[in-house]
Amino acid sequence: MPSRRRFLGAAGLLAVAGCLSAPSAPSDRTTGEPADAGPTTERGTTQEPVRGDAPEVSVERTVDEDDYRYVAANDTVRYPAAKSGDTVVQYGYEPFADWARVEGASAAADRVSSLLAERLPDAETLSVMTSTRGEQDGLRLTVALMTHLDRDGDVLSEPSVRRSEVVRATPHSATATVHFAGRTHTETYPVCVAERTIQNE
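Residues numbered from 1 in each chain as written. Predicted model: local features only at pLDDT ≥ 70, side-chain atom pairs only at ≥ 80, totals over all residues. Heavy atoms only, no water.

Moving on to the overall build of the protein chain. Along the protein chain, the regular secondary structure elements total three helices and 11 strands. Starting at the N terminus and walking to the C terminus, you meet the elements of the protein chain as α-β-β-β-β-β-β-α-β-β-β-α-β-β. Burial analysis of the protein chain (201 residues in total) assigns 44% to the buried set. Partitioning the contacts of the protein chain with sequence separation of at least 6, the portion at a separation of at least 24 is 66%. Surface accessibility of the protein chain: about 10500 Å² in total, with carbon and sulfur atoms responsible for 45%. (Helix = DSSP H or I, 4+ residues; strand = E, 2+ residues; numbered from the N terminus. Buried < 20%, exposed > 50% of the residue type's maximum accessible area, 1.4 Å probe, protein only. Contact = heavy atoms within 4.5 Å. Areas by Shrake-Rupley, 256 points an atom, 1.4 Å probe, with all protein chains shown as cover.)

Structure representation (structure tokens):
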């Protein structure tokens, strides 16, 4: 599996349940801490996500070898795992397929984010995150509508568009093709929409 350090660097991480196949009427948000929550000054709730309704999109990304190096002997990619200033102090290695899967998810998230910025220019609180579906099920993208509350439950910020609008504008899936060191990897990621509320403690 991709290293957690590089995974989190590639895209935000949101652990949520599987997507529903079609949007339903707005429902009450489920309560509880996110599955990957650690020490935090906020608590959050996430509504059950649904798949986007718009057609699939695709993107290609060519990664240069300034930061990464392909190791043909064992089909891995060397990447900077830790830096001190601008100096790399530790390298990590990942199988090419795992590395490319995360790079592809990052490229797909960027594509969906830019697409939603075009389709929903007033949706300032949207963010596109990479989420896990379990070790056997790979990665997916989640478009999150964020509501931020203060300690007393008063709204600090909230989505300026309805979830139904976002679902209609969000592609059902995104296919990313990554080119690196003469190798190519293509993967399709399902795209979901979820509402998330965080509250200061």
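On to the sheet that holds strand S5 (residues 76-84), then. The three strands are arranged S4-S5-S6 in an open sheet whose pairing can be described as antiparallel. With one partner strand each, in any of the chains shown, strand S4 (69-71) and strand S6 (87-95) form the two edges of the open sheet. Geometrically, the sheet is characterised by an average inter-axis angle of 35° between neighbouring strands, direction not taken into account. Strand direction decides the pairing type here: S5 and S6, joined by eight bridges, are antiparallel. Bridge assignment links Pro-80 to a residue of S6, and that residue is Tyr-91. Relative to the sheet, helix H2 (residues 96-119) contacts S4, S5 and S6, its axis offset from that of S6 by approximately 110°. (Pairing = 2+ DSSP bridges. Axes fitted to C-alpha atoms, helices over the stretch in contact; angles between N-to-C directions.)

Considering all chains together, one arrives at five salt bridges under this definition. In this structure, Arg-101 engages Asp-98 in a salt bridge whose closest nitrogen and oxygen atoms are separated by 2.8 Å. Of this pair, Arg-101 and Asp-98 both sit in helix H2, three residues apart, roughly one helical turn. Connected through shared salt-bridge partners, Arg-61, Glu-103 and Asp-110 make up one network. (Salt bridge = Lys/Arg side-chain N within 4 Å of Asp/Glu carboxyl O.)

On average, the protein chain scores 80 in pLDDT, and the residues at 70 or more come to 75%. Within the model, the stretch residues 22-40 combines pLDDT values under 50 with 30 contacts to residues more than four positions away or in other chains. (pLDDT = per-residue confidence, 0-100.)

With that settled, consider a negative patch on the surface. Together, Asp-64, Glu-65, Asp-66 and Asp-67 make up a negatively charged patch on the protein surface. Relative to the helices and strands, Asp-64 is located in the loop between strand S3 (57-62) and S4. Owing to a relative accessible area of 46%, Asp-64 belongs among the partly exposed residues under this scheme. (Patch = residues over 30% accessible without salt bridge, like charges linked within 9 Å, V, L, I, M, F, W, Y side chains within 5 Å. Lys, Arg positive; Asp, Glu negative; His and termini not counted. Charge placed at Lys NZ, Arg CZ, Asp CG, Glu CD.)

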